[in-house]
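Tertiary structure, described
So the chains spell out like this:
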Amino acid sequence: MSEVHTGHCLCGAVRFRTSGPLRAVTACHCSQCRRQTGHFYAATNVTDDRLEVEGGESVTWYRASEAASRGFCRICGSALFWKGDGSDNISIMVGSFDLPTGLAIGKHIFCADKGDYYEIEGDAPRYDAAR
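Quick look at the structure, then.

How each quantity is defined
- Residues numbered from 1 in each chain as written.
- Predicted model: local features only at pLDDT ≥ 70, side-chain atom pairs only at ≥ 80, totals over all residues.
- Heavy atoms only, no water.
- Helix = DSSP H or I, 4+ residues; strand = E, 2+ residues; numbered from the N terminus.
- Rg over C-alpha atoms; globule rule 2.2 N^0.38 Å.
- Buried < 20%, exposed > 50% of the residue type's maximum accessible area, 1.4 Å probe, protein only.
- Contact = heavy atoms within 4.5 Å.
- Pairing = 2+ DSSP bridges.
- Axes fitted to C-alpha atoms, helices over the stretch in contact; angles between N-to-C directions.
- Salt bridge = Lys/Arg side-chain N within 4 Å of Asp/Glu carboxyl O.

Let us now look at the overall build of the protein chain. Counting its regular elements, the protein chain contains one helix and ten strands. Its C-alpha atoms give the protein chain a radius of gyration of 14 Å, near enough to 14 Å, the size a compact globule of 131 residues would have. Taking the principal axes of its C-alpha atoms as reference, the protein chain extends roughly 35 × 35 × 30 Å. Counting the 131 residues in the protein chain, one finds 40% classified as buried. Restricting the contact set of the protein chain to residue pairs at least 6 apart, pairs at least 24 apart contribute 52%.

Spelled out as structure tokens, the structure:
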């Protein structure tokens, strides 16, 4: 039997289901992620074919850079997805998953850009840029 995880946005207009194992969480401390969420991004990812979205018409995509877009619920504003151009993977915000996730932070990226109001805790590897 395949591992299944479910989740949704704050208002429930967007619901999703993943199949198969999820990657360890990447915590991104870049300024874009902090501005979108109010803190750092915590995301896992799956290949596109392992994600089913119900209510996809409520997902709005914001072109965040020359290389990626961010998907959020147009009704409640919940940050849900991050998609790099040409990638077969989609990142999903871990906070949108139903519990238990069974996930843990595997690494921190863009640590050189982190906010000055917190410290990075734990033993997960830290990188100054993407990795």
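Next comes the rest of the write-up.
The subject of this paragraph is the sheet that holds strand β7 (residues 68-73). Taken in spatial order, the seven strands line up as β6-β7-β8-β9-β4-β3-β10 in an open sheet, and their pairing is mixed. Bordering the open sheet on either side are β6 (59-63) and β10 (105-109), each of which pairs with just one other strand. Taken pair by pair, the neighbouring strands of this sheet meet at an average axis angle of 30 degrees, ignoring direction. The pairing of β6 with β7 spans five bridges and is classified as antiparallel.

If you walk through the whole model with that rule in mind, you get two salt bridges. One salt bridge in this structure joins R63 and D85, with 2.6 Å as the shortest N-O distance. With R63 in strand β6 and D85 in the loop between β8 (79-84) and β9 (89-93), this pair connects stretches of sequence that are 22 residues apart. Residue R63 is classed as partly exposed on the basis of its relative accessible area, which comes to 42%. The exposure class assigned to D85 is partly exposed, which follows from its relative accessible area of 44%.

Below, the discussion takes up the pairing of strand β2 (residues 15-19). Of the two faces of β2, only the one carrying F16 and T18 is buried; R15, R17 and S19 on the other face are not. Here five bridges tie strand β1 (residues 4-8) to β2, and the two strands are oriented antiparallel to one another. Its bridge partner being in β2, H5 is matched across the sheet by T18. Here β1 folds back onto β2, and the loop between the two strands holds six residues, one of which, G12, carries a positive phi near 85 degrees. The sheet contact formed by β2 and strand β5 (residues 51-54) spans four bridges and is antiparallel. In the strand pairing of β5, R17 is matched with E52.

Bear in mind that shape data such as this cannot, by itself, settle questions of function.
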